[in-house]
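Listed below are the residues making up each chain.
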Amino acid sequence: MLRRLLIILFYWERRINIKLRVSNFTQQYEGMPIIEDVSFYLQEDEFVTLIGPSGCGKSTIFNMIAGIVPIDEGKVSIDGEDCTGKIGQVSYMYQKDLLLPWKRVIDNTALPLIIKGDSIKEARKKIIPYLALFGLEGFEYKYPAQLSGGMRQRAALLRTYMFSKDIVLLDEPFGGLDAITRSKMQYWLLEVADQVRASVLFITHDIEEAIYLSDRIYVLTERPARVREEVAISLPRPRAREIVTSAQFNRIKKHILFSLS
Amino acid sequence: MRKKWGNIGNKTIPFIFLAAILVFWQLIVDRGIIARYILPSPVDVILVGMKILPEIKVHLYTTLQEALTGLMVAIVFSLLLAMLMDNFSLIQKAVQPLLIVSQTIPTMVLAPLFAMWFGFGLLPKIMVVILVCFFPLVVSLLEGLNSLDPDFLNLMKSMKANRWQMFYLAKFPSALPNFFSGLKIAATYSIIGAVIGEWMGGKAGLGVYMTRVRQSFALDKVFATILIIVFLSLVLFKIIELIQFLLMPWRRAINK
């Protein structure tokens, strides 16, 4: 009976092509529970957002998936394989751009290639074809301090992409940007995500950003974080910027707003 | 009023001040208020300095050789120790207090001991230089290695970087500004250290020369030697600033 159930489950997973599954994450920090029984999944080429109040432990969830923080309880599986606590299975971008100030943009974005053992020359060669897509053409030999906040995030995103895992974790990448730059970057991110075909797991506490970008949203509670609700966003793609003013958009926004409070 | 002084610029004010002191000093000696054999005038010092330059050359080279050798050895050792302390907290805990206590021992006391243990050659002088340079270098390096945002290391960890890659790609470059401030201090100390070492005796060196001319009461030559030591330290300081300028191009790009 159990065996049959497992087989059915296995085929079900295959059918909808689940890239990443997080099961029953539970975590404590200095004796305080910060995450409680959080489970979710990410399908191939899907854009999924975790939304929750600031400091509810969203970043910790990412650190657990990336294998940087030891996991108290729970499981991570990628393409059906157990990857709990394994490092280097996902591309991970932090809230801070974390560009090394002494490296030019091209060498900063080449960092994952250099860590893998490429020479600087080889690594640079591999970066060049992507500069245009990421809007960094003409800036490749600048130092990070010479770039604007938006450009720095673009560089950080290209670096994340160059790690070339098909699962990408983005932790509030636009959190530090002004509203106008932010809105432009969101639009641009959708374009890029469409072209590079990646499965994206996104963190934000901005409801509008979450709805605009995502296929599905997991609403998390305050600390300790639990999944309160899963919301599927059925807005058509490609999404124009104006969609944020549509009635359907506002209905979803209202729903999530209530769910959060 | 305040604005007016601000406009003169930070570089001219100390020069004017120094010039005033020198003129005052010159006048005191010229008027005979203080006897020349007790305090030679600035002009005397410069004239004597030019005169003794050929005979002092060999001493200058010796001191420079001791100072630079000591500095190099101190750099290598401080780098090794800082790396060890940074990687193993046990070593850090064990060594840090000793390092600080070691700084309370006056160099003047150790120099004669080194002379007794290692003779009158170059070695005891180099040892003094290493000792005085070591501390500022280790402290600045440790501070620099700790200054990196730990998220940088987490990021590199998520990219499967090994410890050595994290060190040379992120930690070491981030420690460079601190390292260079320590190095500038160490470089000026190195000349003084070598001179103190030479006071205990030896064949050549600015300290040896200084002891000799002091014993023959040629105070103008003592002053001229001091001037040369100051000049040497300043040159070393500037050379290190230049190396820093060349090694850290991103700093220049930011200032543009």
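Refer to the structure printed above.
Figured I'd write up the structure that's included with this text. Bear in mind that the values here come from a model prediction, so they are computed numbers and not experimental data.

Digging into the sheet that holds strand S7 (residues 167-171) of chain A
All names here are of chain A.
Reasoning step 1: The strand order across the open sheet formed by six strands is S6-S7-S8-S3-S9-S10, and the pairing between neighbours is mixed. Only two strands of the sheet have a single neighbouring strand rather than two, namely strand S6 (91-93) and strand S10 (227-232). Strand-to-strand twist of the sheet, defined as the mean angle between neighbouring strand axes without regard to direction, takes the value 15°.
Reasoning step 2: By the bridge criterion, five bridges tie S7 to strand S8 (residues 199-204) in an arrangement that is parallel. Within S8, the residue paired with Ile 167 across the bridge is Ser 199.
Reasoning step 3: Across the face of the sheet, helix H6 (residues 149-162) comes into contact with S6 and S7 while running at roughly 160° to S6.

Re empty space enclosed by the protein
All names here are of chain A.
Reasoning step 1: As enumerated under the stated definition, the model contains one cavity of 30 Å³ or more in all.
Reasoning step 2: Of the pockets and cavities examined, the largest cavity occupies roughly 120 Å³.
Reasoning step 3: Considering the residues around the largest cavity, the lining is formed by 13 residues, among which Leu 157, Val 168, Leu 189, Val 192 and Val 196 are closest to the centre.
Reasoning step 4: Of all the secondary-structure elements, those providing two or more residues to the lining of the largest cavity are H6, S7 and helix H7 (179-196).
Reasoning step 5: Of the residues forming the lining of the largest cavity, the biggest block, four residues, is contributed by H7.
Reasoning step 6: A breakdown of the residues in the lining of the largest cavity according to their chemical character gives twelve nonpolar, one polar and no charged.

Notes on the layout of surface pockets
The gaps left among the atoms become clear once a water-sized probe is rolled over them.
All names here are of chain B.
Reasoning step 1: Counted as a void, the largest pocket has a volume near 520 Å³.
Reasoning step 2: If you go around the largest pocket, you meet 16 residues; those closest to its centre are Leu 18, Leu 22, Leu 227, Val 230 and Leu 234.
Reasoning step 3: Secondary-structure elements contributing two or more residues to the lining of the largest pocket are helix H2 (12-30), helix H3 (42-87) and helix H10 (219-247).
Reasoning step 4: Within the lining of the largest pocket, the residues separate by chemical class into 15 nonpolar, no polar and one charged.
Reasoning step 5: In terms of domain composition, the lining of the largest pocket takes at least three residues from each of domain 1 (1-34) and domain 2 (41-255).
Reasoning step 6: Considered as a void within the structure, the second largest pocket measures approximately 360 Å³ in volume.

Side note on the interface of chain A and chain B
Reasoning step 1: The interface of chain A with chain B comprises 22 residues on the first partner and 21 residues on the second.
Reasoning step 2: Where chain A abuts chain B, roughly 2,200 Å² becomes buried across the two surfaces, and 73% of that area is made up of carbon and sulfur atoms.
Reasoning step 3: The three residues of chain A that bury the most area against chain B are Leu98(A), Trp102(A) and Ile115(A), which together make up 30% of that side's buried surface.
Reasoning step 4: Linking chain A with chain B are two salt bridges.
Reasoning step 5: Here Lys96(A) makes a salt bridge to Asp151(B), at a shortest N to O gap of 2.9 Å.
Reasoning step 6: Connecting chain A to chain B are four residue pairs in polar contact (both at pLDDT 80 or more).
Reasoning step 7: Of all the elements, helix H4 (residues 111-116) of chain A adds the most residues to the side of chain A that touches chain B, at four residues.
Reasoning step 8: Here the side of chain A that touches chain B is built from residues that sort into 17 nonpolar, two polar and three charged.

Criteria and thresholds
Residues numbered from 1 in each chain as written. Chains lettered and ligands numbered in written order. Predicted model: local features only at pLDDT ≥ 70, side-chain atom pairs only at ≥ 80, totals over all residues. Heavy atoms only, no water. Pairing = 2+ DSSP bridges. Helix = DSSP H or I, 4+ residues; strand = E, 2+ residues; numbered from the N terminus. Axes fitted to C-alpha atoms, helices over the stretch in contact; angles between N-to-C directions. Contact = heavy atoms within 4.5 Å. 1 Å grid on protein atoms, 1.4 Å probe; cavity = no way out; pocket = protein on both sides within 12 Å on 5 of 7 lines; lining within 4 Å. Points joined across faces, edges and corners; volume = space filled by probe spheres on them. Nonpolar A, V, L, I, M, F, W, Y, C, P; charged D, E, K, R; others polar. Domains from an automatic or database assignment. Buried area = accessible area lost by both parts, 1.4 Å probe. Salt bridge = Lys/Arg side-chain N within 4 Å of Asp/Glu carboxyl O. Polar contact = N/O pair within 3.5 Å; in protein donor to acceptor, adjacent residues only side chain to side chain.

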